[in-house]
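The primary structure of each chain is shown beneath.
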Amino acid sequence: MVESDIRGFRLANVSVPVGGTVKWTNRDSAPHTATAKGDAPVRFNSGTLNQNQSFSFTFARAGAYDIFCEFHPNMEATVTVGGASPASSTSTSVPGYDYN
Ligand SMILES: [Cu+2]
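Residues numbered from 1 in each chain as written. Predicted model: local features only at pLDDT ≥ 70, side-chain atom pairs only at ≥ 80, totals over all residues.

Asks: Tell me about the overall build of the protein, residues and numbers included.
Replies: From N to C terminus, the protein includes 0 helices and 7 strands. Written out in order from the N terminus, the α and β elements of the protein read β-β-β-β-β-β-β. A burial count over the protein gives 25% of its 100 residues as buried. For the protein, long-range pairs separated by at least 24 residues make up 52% of all intrachain contacts whose partners lie at least 6 apart in sequence. (Helix = DSSP H or I, 4+ residues; strand = E, 2+ residues; numbered from the N terminus. Buried ≥ 20, exposed ≤ 12 C-beta atoms within 10 Å, placed from the backbone. Contact = placed C-beta atoms within 7 Å.)

Asks: Got a sec to walk through the sheet that holds strand S1 (residues 2-6)? Specific residues and values, please.
Replies: The strands making up a sheet are joined through hydrogen bonds of the backbone, oriented either antiparallel or parallel. Across the sheet, 3 strands lie side by side as S1-S3-S5; this open sheet has mixed pairing. On the outer flanks of this sheet lie S1 and strand S5 (54-58), each paired with one strand and no other. Neighbour-to-neighbour, the strand axes of the sheet open up by a mean angle of 20°, direction not taken into account. Note: S1 against strand S3 (residues 21-26), 5 bridges, orientation parallel. In the sheet register, Ser4 faces S3, and the bridge partner there is Trp24. (Pairing = 2+ DSSP bridges. Axes fitted to C-alpha atoms, helices over the stretch in contact; angles between N-to-C directions.)

Asks: Explain unusual backbone geometry to me, using residue names and the numbers behind them.
Replies: The phi dihedral of Phe9 is positive, around 60°, even though this residue is not glycine. Residue position: Phe9 is located in the loop between S1 and strand S2 (14-16). Backbone geometry places Asn52, a non-glycine residue, at a positive phi of 70°. Along the chain, Asn52 turns up in the loop between strand S4 (35-36) and S5. Its 12 C-beta neighbours within 10 Å are what place Asn52 among the exposed residues.

Asks: Let's hear about the sheet that holds S2: which residues, and what values?
Replies: Within the open sheet, the 4 strands sit side by side as S2-S7-S6-S4. Their pairing is mixed. Both outer strands of the open sheet, S2 and S4, are each paired with one neighbouring strand and no more. As defined by bridge partners, strand S6 (residues 63-68) adjoins strand S7 (residues 76-81) across 6 bridges and the pair is classed as antiparallel. Pairing of Ala64 across the sheet is with Thr80, part of S7.

As structure tokens, then:
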């Protein structure tokens, strides 16, 4: 699983293999969403994530998923599923960080 913190009104670009899961956690005091744009291979929407709330989505289909925040449409990022990225770049976890 790739842990992707939403922090500072920013969504991070992340990469996962096909079948991989991304878990978004909102670390801002403002509410955010992680919402797939209309051209994404599969649509998903976290709904409102308040501070420290999380949403996970498992990507069964390869492709580039453009995502944004419904509250702040300038917050955009891309989830790359099954891309050519080396395995070593598929995690954005912070070692030792307690996400609970
Ligand atoms: Cu937002």
